[in-house]
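Coordinate analysis (summary)
Here's the letter readout for the chains.
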Amino acid sequence: MNEFHDRGPRRVGQVKEVTSLANPIIKDIKALSDKKSREQSGAFMAEGLKLVIDAIELGWTIRTLVYAKAAKGKPLVEQMAAKTVASGGLVLEVSEKVLSSVTRRDNPQMVVGIFETRWKPLRDIRPQQGETWIALDRVRDPGNLGTIIRTADAAGASGVILVGEATDPFSLETVRATMGSVFAVPVARASMDEFIAWKKTAGVQVVATHLAGSVDYRTIDYKKKPVVLLMGNEQSGIPEQLAREADALARIPQQGRADSLNLAVASAVMLFEARRHLLSLSEAK
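Here, residues in each chain are numbered from 1, in the same order as that chain's written sequence. Selection of residues for local features in this predicted model requires a pLDDT of at least 70, selection of side-chain atom pairs for listing and counting requires 80 or more, and totals for whole chains, interfaces and linings are taken over all residues. Here the side-chain values reflect all heavy atoms present in the structure, with hydrogen atoms and water set aside.

Moving on, we come to the overall build of the protein. Secondary structure summary: the protein contains 10 helices and 12 strands in total. The C-alpha radius of gyration of the protein comes to 21 Å, within 12% of the 19 Å expected for a compact globule of 285 residues. Along the longest, intermediate and shortest principal axes, the C-alpha atoms of the protein span 60 × 40 × 40 Å. Here the protein holds 285 residues, and the buried ones make up 49% of them. Sequence separation of at least 24 residues holds for 79% of the intrachain contacts in the protein that already meet a minimum separation of 6. Helix and strand assignments come from DSSP, with helices taken as H or I runs of at least 4 residues and strands as E runs of at least 2, each series counted from the N terminus. Throughout, radius of gyration means the C-alpha value; the globule benchmark is 2.2 Å times the number of residues raised to the power 0.38. We call a residue buried when its accessible area falls under 20% of the maximum for its residue type, exposed when it is over 50%, and partly exposed in between, using a 1.4 Å probe and counting protein chains only. Residues count as neighbours in contact if any of their non-hydrogen atoms are within 4.5 Å of one another.

Attention now goes to the sheet that holds strand 8 (residues 187-190). The strand order across the open sheet formed by seven strands is 8-7-6-11-9-12-10, and the pairing between neighbours is parallel. Two strands close off the open sheet at either side, each with one partner strand: strand 8 and strand 10 (215-216). Strands are labelled as partners when DSSP assigns at least two bridges between them. Bridging between strand 10 and strand 12 (residues 248-251) involves two bridges; their strand directions are parallel. Bridging from a neighbouring strand, Val 215 pairs with Ala 250 of strand 12. For helices, the fitted line uses only the C-alpha atoms of the stretch in contact; every axis is such a line through C-alpha atoms, and the angle between N-to-C directions lies from 0 to 180 degrees. Packing of helix 6 (residues 142-155) onto the sheet brings it into contact with strand 6 (132-137), strand 7 (159-163) and strand 8, and relative to strand 6 it is tilted by some 170°. Docked against the sheet, helix 8 (residues 192-202) engages strand 6, strand 7, strand 8, strand 9 (205-209) and strand 11 (227-231), running at close to 130° with respect to strand 7.

The phi dihedral of Arg 138 falls on the positive side, at around 50°, and the residue is not glycine. Inspection of the secondary structure assignment puts Arg 138 in the loop between strand 6 and helix 6. For Met 179, which is not a glycine, the phi torsion comes out positive at approximately 55°. By the element assignment, Met 179 lies in the loop between helix 7 (172-178) and strand 8.

So, on to helix 3 (residues 49-57). Owing to its 3.6 residues per turn, the α-helix brings residues three or four apart onto one side. Among all positions of helix 3, only Leu 51, Val 52, Ile 53, Asp 54, Ala 55 and Ile 56 are buried. Turning to helix 3, the residues buried within the fold contact strand 2 (43-47), strand 3 (62-68), helix 4 (75-86), strand 5 (111-116) and helix 7. Gly 59 lies just past helix 3 and shows a positive phi near 85°.

Per-chain confidence: the protein averages 91 in pLDDT, with 94% of residues scoring 70 or above. Per residue, pLDDT measures the predictor's confidence, with a range of 0 to 100. The low-confidence segment residues 1-9, where pLDDT is below 50, has 28 contacts with residues more than four positions distant or belonging to other chains.

Attention shifts here to the nonpolar core. We call a set of buried Ala, Val, Leu, Ile, Met, Phe, Trp, Tyr and Cys residues a nonpolar core when their side-chain atoms join them within 4.5 Å. By size, the foremost hydrophobic cluster in this structure holds 30 residues, and its most contacted members are Ile 134, Leu 136, Tyr 222, Leu 229 and Met 270. For this core, the secondary-structure elements that each account for two or more residues are strand 6, helix 6, strand 7, strand 11, strand 12 and helix 10 (263-274). Ranked by residue count, the leading element in this core is helix 10, at six residues. Listed in part, the 22 residues of the second largest apolar core include Val 52, Ala 55, Ala 71 and Val 182.

The next subject is the pairing of strand 2. In terms of burial, strand 2 is largely enclosed, as five of its five residues are buried. Burial along strand 2 is two-sided: the face carrying Ala 43, Met 45 and Glu 47 and the face carrying Phe 44 and Ala 46 are both buried. In this sheet, strand 5 lies alongside strand 2 in antiparallel orientation, the contact comprising five bridges. From the neighbouring strand, Ala 46 faces strand 5, where its bridge partner is Gly 113.

Aromatic ring pairs: the centre-centre distance and the angle between the two ring planes describe each pair. We call Phe, Tyr and Trp rings a pair once their centres come within 6.5 Å, taking the six-membered ring for Trp, and we label the pair stacked below 30 degrees between planes, edge-to-face above 60, and tilted otherwise. Scanning the entire structure with this criterion turns up nine aromatic pairs. Measuring from ring centre to ring centre gives 6.0 Å for Phe 44 and Trp 60, while their planes differ by 80°; the resulting arrangement is edge-to-face. Linking Phe 44 in strand 2 with Trp 60 in the loop between helix 3 and strand 3, this pair joins segments that are 16 residues apart in sequence. Trp 60 gets classed as buried once you look at its relative accessible area, which sits at 8%. Taken together, Phe 44, Trp 60, Phe 115, Trp 119, Phe 170 and Phe 183 form an aromatic cluster joined through their ring pairs.

Rendered as structure tokens:
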């Protein structure tokens, strides 16, 4: 993974044409579909020109820009290529066959960016009045995680905390589902014990959704302290050790035959209720 390793050799500030699937740079990029490779290299893939533009505008470090020959000459693609080279990154012009192999899609987007991963240290999170964070206990599904990150962005939440063994926010599936919000929403990670220790000193109100919750989520006062919404694992919900640390165990009233909500949907319901007093159409973009 030398192309992506901070201490390894990097072919920087260049534009190269690549047509072979056997090219070592392409092999390294394809390896980023594997979580272990992403962690070792500290890099991940974002597919699509919009995501690449969002990331660069928000100050993320781009290591490699890959675009299809058909995209050559398009003004926005050329701008991103120029910015990549100027920042010391590598630009690859590739065939559609190469791009399909990289993205694992038959009809790939014309542009792919390789960016350095960025985690928010939990110790640096000190929520202020009016802030809302969402903590996810052992979230498993990349689509759920990506949708929650996107929803947190839309609701004006300050960030996402992954508790325990969670799916990777920098997997291609999760990044796709965020629609670019992964670049705007800080993501932290912690073990259960680390999260509980942090909660004791962070000055926050933890509101957890729980099947045994006795409090209607609409009756909670979300204004008195910074709020951390704690959402449980898709299958098993929140473990008792975490539930005991919550300041309120909330439930979303339901009718009908369905006995539960999808995690991303439940998170959206909670996020917009917790931030209802802070949201208005007049301030919407």
